[in-house]
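One-letter residues, chain by chain:
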Amino acid sequence: MFQVSTNFSLSLYLCISKMHQRIAINHKITCDSRHLFPAAQVCEISPNLFTKAPDSGELNLPAGVPVIVRLSGGRQFLCRLFSPPGSNLRAESVCFVDESVLFNEDEIDGNSTDGAIPQVEELEVLEGGTCYFEKVEVDLSIDCSKLDLELLVNKEILLSLVEDLLRPLVVTERCVIKPKESLNCGIVKIRVVTTIGSHKIGYIENDTIIDIGTIIFSRATTTRVLGGLTETKKELLKALERATENVLLAGPPGSGKYSLIAELAGHGNYPVFEIRGLDFIKSHPGETELELRNIFERLKKFRKLFNRASPTILLVKDVDMLCPKLENRKGDDVSNISRISSQFTTLLDRHRGIGSGIIVIATSSNIESIDGKIRRPGRLGTEIYVRMPSETQRGEIVQAILGRNNFTLEESVLDDIIRKTPGYVGADLELLVYTIQRTISRDPTRNIFATIEECLKKIRPTSLRSSIGLISGLTQTLDSIGGMDDLKKILRVSVLGPLRHPESFRRFGMNPLKGILLYGPPGCAKTSIAKCLAAESRMTFVSVSAAEVYSPYVGDSEKLIVRLFNQARLSAPAVIFLDEIDSLVGNRGMQGVRTNDVHIRVLSTLLTEMDGIGTSVQSAVGSSDDSKNILVIAATNRPDMIDDALLRPGRLTKLIHVPAPNEAARFEILRKVSERVPLAKDVNLSELAKQTERYSGADLQNLCSQAALHAAAQDINVQEVAMDHFQHVLKENRPSLTSKQIQWYEEYETRHRII
């Protein structure tokens, strides 16, 4: 019931026709939603308004006359007009409207006033007369979670309940009744389809025949348009149509499992009953098993009541909480969990096949922790995976979110978001888009690309929130590295080419490289090259070193390697960067070098993972079409210390020498580094390149920093770095490389030349 109030007087005029009178309100009246009167379908106005109009004299309206109350936003309610004697309703202040009967859902259902408080605009008095209907056909909307199957044991009782809900009301064709929750027993909406009687408006009596037409099994949560799940949707729809096997729907958290089931259930009008994992488990022994038996009994009663040909869905959310593995569990918990799991499997066996009419759909974000006995055929026999979205699927998801929120982005902006979000699931992308939208709405003049970068830093993908070695925000390209033009060309053709244009390389039977080894003297940009490759190829970048991998506990290092690769598969395409790999894995065949057990175990695990043999079930489930695009980049100063098993084709296939910079490369490096340092006109970079033989890229960067520091030490207000400052630093600094080192790497390249 609405309370409709105003602080100003009402001006009414009366329009009289043969069929009805219309009371139009010149000033809109503001509504609030306080429920003040228990009577249904009542519109109460003050006695002064009820009996006369200022310009037309007496209205003489009978009490309870049907009226249509029109509110702002287009909503219309069918009510009965009353003026309670002795009430405190003043002509200039209040009008009470009940919204239990929506006059015409087809025209106005779903209209809104954009958050504004609704206002009464017009009262139309219906004087065509009323009747008792001979026959009424209705459609029902039923909320399965609130359906009282202890009361509604057969269809006759259901018809009787519908009659009781309609009896106090005046109704008409196409009107919609929303019964009070305390009385409806699960019937959330009644739509009058057709009526047979002497008038179009009337009442239900004992002799009225009530027929139930369509039954819609509504959901408490509205389904949303989903993107990027086309293939998964087809698989799940086929399983629902066959209804021969129960389904396990697995995928990463936030990937849209529940929304997908809700959407298909809504389109196919499948009734859905829910069990919510951990929330369903009771504290006392035996209670959970009893609840499980009760839920299946409810399903049997439901099938008997509605006699449906299509299956009824039992949705078990987070089934891994209900039936977990017991391998690592101890104590009193084990017996309780065993009983629950055993009861669930027994019920699955008892209600299987087409004859039962029940299909169980269980969801999980961690299928590795599910008890294996419920995953066999006959129980949860069909397994469907919602995988990590690929780049194309991320585009579909973002487009769906934008359309749902009436928000548009330019194509270049959309492409930038998609490119920078590997590893993001639907929920992550939804939060990201909404955050971008809110940020732009607060400051429309702000640069959109800067806004995206800021929002990406705040919202990390769900799959990487507990990740190892994740490095984000990489923007540099190979062009940001000075010199090494031949090396850059090789990297762009052999590494970036298959990743960017896989279809072109597949014509020749070529696949992207699984791994490359960057070797060369210290300080020659091996790590920078790896980061640039990840940025240019639009890949997630994960970096680990030996210090992060090794643990004093046996088995921990191997587990971390496995976790690292599974994490990369979930967020693929990805780059795994293994820095100083010679200290991570030793060379088992090198004489004079003693390889310890940890080195051997880590090496063995690394070989297994690179071959794809160690792929876990969880990462296989969550992996997208891009999951094979995992590039392992290893860097080392001692390529001779790496085991030969790692250097064979199919693992670290390509060995790339990152040489010490020659004179031309040193000039390019100095030019790149000095872009951030204001130089005087007398600074000759060509001369500096000649004077810095055997300097690595790190040495040259340090040279510029030391020259700037020396200039500031001489004069704190200095504006430019002069040639004298560089010469002073050159006298004190020495190159970090030696001719012997450089020659050794060149000889190693000659022996192992692949490029």
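In this numbering scheme, every chain counts its residues from 1 along its sequence in written order. The predicted origin of the model limits local features to residues at a pLDDT of at least 70 and limits the giving and counting of side-chain atom pairs to 80 or more, whereas totals for whole chains, interfaces and linings rest on all residues. Side-chain numbers come from the whole structure's heavy atoms, not from hydrogens or water.

K.L.:
Help me out: how do you make sense of the overall build of the protein chain in this one?
P.N.:
The helix and strand labels rest on DSSP assignments: H or I over at least four residues marks a helix, E over at least two residues marks a strand, and numbering proceeds from the N terminus. Scanning the protein chain from terminus to terminus reveals 27 helices and 29 strands. Counting every position in the protein chain, which comprises 755 residues, the buried fraction comes to 49%. Here the contacts in the protein chain between residues at least 6 apart in sequence split such that 80% fall between residues at least 24 apart. Computed with the Shrake-Rupley method and a 1.4 Å probe, the accessible areas treat only the protein chains shown as cover for residues. Carbon and sulfur atoms make up 49% of the accessible area of the protein chain, which totals about 36300 Å². Using a 1.4 Å probe on the protein chains alone, a residue whose accessible area is under 20% of its type maximum counts as buried, one over 50% counts as exposed, and one in between counts as partly exposed. Pairs of residues are marked as contacts when any of their non-hydrogen atoms sit within 4.5 Å.

K.L.:
Looking at this model, I keep getting lost on the pairing of strand β4 (residues 42–45). Mind explaining?
P.N.:
For a regular strand, side chains alternate in direction, first toward one face of the sheet and then toward the other. In β4, alternate side chains face the same way, and those of Val 42 and Glu 44 on one face and Cys 43 and Ile 45 on the other are all buried. In this description, strands pair whenever DSSP reports at least two bridges between them. Relative to strand β8 (residues 76–82), β4 runs parallel, the two sharing 3 bridges. Its bridge partner being in β8, Val 42 is matched across the sheet by Arg 80.

K.L.:
Can you help me understand helix α11 (residues 391–404) in this one?
P.N.:
An α-helix turns once per 3.6 residues; consequently, residues spaced three or four apart project the same way. What a helix is expected to span follows from its residue count: subtract one and scale by 1.5 Å. Over its 14 residues, α11 extends 20 Å from the first C-alpha to the last, a length consistent with the 20 Å expected when each residue adds 1.5 Å. Among the residues making up α11, those that are buried are Arg 394, Gly 395, Ile 397, Val 398, Ala 400, Ile 401 and Leu 402. Of the surrounding elements, those touching the buried residues of α11 are α12 (411–419) and α13 (426–442). Just downstream of α11 lies Asn 406, where phi reads positive at about 50°.

K.L.:
Just checking my understanding: could you explain unusual backbone geometry for this structure?
P.N.:
Peptide bonds are, in most cases, trans, and in most cases residues other than glycine have a negative phi. For Arg 174, which is not glycine, the phi torsion reads 70° and is therefore positive. Using a relative accessible area of 34% as the deciding quantity, one classes Arg 174 as partly exposed.

K.L.:
Help me understand the pattern of salt bridges in this model?
P.N.:
Think of it this way: side chains of opposite charge can pair up when their charged atoms draw near. One speaks of a salt bridge when a side-chain nitrogen belonging to Lys or Arg is within 4 Å of a carboxyl oxygen belonging to Asp or Glu. Per the stated rule, a full pass over the model turns up 27 salt bridges. A salt bridge links Arg 376 to Asp 349, with the nearest nitrogen and oxygen atoms 3.8 Å apart. Taken together, the residues span a long stretch of sequence, with Arg 376 in the loop between β22 (358–364) and β23 (382–385) and Asp 349 in helix α10 (residues 333–350) at a distance of 27 residues. Judged by relative accessible area, which is 35%, Arg 376 ranks as partly exposed.

K.L.:
Where do I start with the pairing of strand β7 (residues 65–71) in this structure?
P.N.:
In terms of residue burial, β7 counts as a mostly covered element, since 6 of its 7 residues are buried. From the end of β7 to the start of β8, which pair antiparallel, there are 4 residues, and Gly 73 there has a positive phi angle of about 95°. Pairing of β7 with strand β11 (residues 119–126), which is carried by 5 bridges, proceeds in the antiparallel orientation. Considered in β11, the bridge of Leu 71 is made with Val 120.

K.L.:
Looking at this model, I keep getting lost on the packing of helix α23 (residues 663–673) against helix α25 (residues 697–714). Mind explaining?
P.N.:
Two measures define how a pair of helices packs: the angle their axes make with one another and the distance between the axes. One can describe the packing of α23 onto α25 by two numbers: an axis separation of 10 Å at closest approach and a directional angle of 45°. Between α23 and α25, the crossing angle belongs to the class labelled oblique. Between α23 and α25 the crossing geometry is right-handed. In contact with Arg 666, Ile 669, Leu 670 and Val 673 of α23, α25 contributes Gly 697, Leu 700, Gln 701, Leu 703 and Cys 704. Where helices are involved, their axes are fitted lines through C-alpha atoms of the stretch in contact, as for all axes, and angles between N-to-C directions lie from 0 to 180°. Note on angle classes: values under 35 degrees are labelled roughly parallel, values over 145 roughly antiparallel, values of 65 to 115 roughly perpendicular, and the remainder oblique. Crossings are classed by handedness, with left-handed meaning an anticlockwise turn of the near helix from the far one by less than a right angle and right-handed meaning a clockwise turn.

K.L.:
Hey, could you run me through the packing of aromatic side chains in this one?
P.N.:
When we look at a pair of aromatic rings, we describe it by the centre distance and by the angle of the planes. When two rings of Phe, Tyr or Trp (its six-membered ring) have centres within 6.5 Å they constitute a pair, described as stacked for plane angles under 30 degrees, edge-to-face for angles over 60, and tilted for the intermediate range. Throughout the structure, instances matching the rule amount to 8 aromatic pairs. Ring geometry for Phe 217 against Phe 306: centres 5.6 Å apart, planes inclined by 85°, an arrangement best described as edge-to-face. Highlighted residues: Phe 217 in strand β18 (residues 209–218) and Phe 306 in helix α8 (residues 287–306), separated in sequence by 89 residues. Residue Phe 306 is classed as buried on the basis of its relative accessible area, which comes to 13%.

K.L.:
What's the story with the confidence of the model for the protein chain in this structure? I'm lost.
P.N.:
Predicted coordinates in regions of low pLDDT should not be interpreted in detail. Confidence scores here are pLDDT values: one per residue, from the predictor, ranging 0 to 100. On average, residues of the protein chain score 80 in pLDDT, and 83% of them are at 70 or above. Taken as a whole, residues 108–113 scores under 50 in pLDDT and shows 13 contacts with residues more than four places along the chain or in a different chain.

K.L.:
Explanation requested: empty space enclosed by the protein in the structure shown.
P.N.:
Sizing a probe to match a water molecule and rolling it over the atoms shows the empty space that remains. A cavity here means a set of points on a 1 Å grid, drawn over the protein atoms and nothing else, where a 1.4 Å probe fits but cannot get out; a pocket is an open set with protein on both sides within 12 Å along at least five of seven lines, and a residue lines either one if it has an atom within 4 Å of a point. Grid points are joined across faces, edges and corners, and a volume is the space filled by probe spheres set on the points. Scanning the entire structure with this criterion turns up 2 cavities of 30 Å³ or more. Volume-wise, the second largest cavity comes out at about 40 Å³. Looking at the second largest cavity, the residues that line it are Gly 228, Leu 229, Ser 255, Arg 387, Pro 389, Ile 397, Val 425 and Gly 426. Polar here means any residue other than Ala, Val, Leu, Ile, Met, Phe, Trp, Tyr, Cys and Pro, which are nonpolar, and Asp, Glu, Lys and Arg, which are charged; Gly is therefore polar. Class assignment for the residues of the lining of the second largest cavity results in 4 nonpolar, 3 polar and 1 charged.

K.L.:
Would you mind showing me how to read the sheet that holds strand β21 (residues 312–317) here?
P.N.:
Two orientations exist for strands paired in a sheet by backbone hydrogen bonds: parallel and antiparallel. Pairing within the open sheet is parallel, and its 5 strands lie in the order β20-β21-β22-β19-β23. Either end of the sheet is taken by a strand with one partner, and the two such strands are β20 (272–276) and β23. Taking each pair of neighbouring strands and ignoring which way they run, the sheet shows an average axis angle of 20°. Two strands pair when backbone bridges link them, and strand β19 (residues 247–250) and β22 are joined in this way by 4 bridges, in the parallel orientation.

K.L.:
Can you walk me through the environment of Thr 636 in this structure?
P.N.:
By the secondary structure assignment, Thr 636 is in strand β28 (residues 630–636). The spatial distance from the C-alpha of Thr 636 to the C-alpha of Tyr 519 is 5.1 Å, given a sequence separation of 117 residues. Once residues lying within four places of it in the same chain are set aside, the contact partners of Thr 636 are Leu 517, Leu 518, Tyr 519, Gly 520, Lys 526, Ile 581, Asp 582 and Ile 642. A distance of 2.9 Å separates a polar side-chain atom of Thr 636 from the backbone nitrogen of Arg 638. What qualifies as a polar contact is a pair of N or O atoms within 3.5 Å, subject to a donor-acceptor requirement within protein and to the restriction that residues adjacent in sequence count only when both atoms come from side chains.

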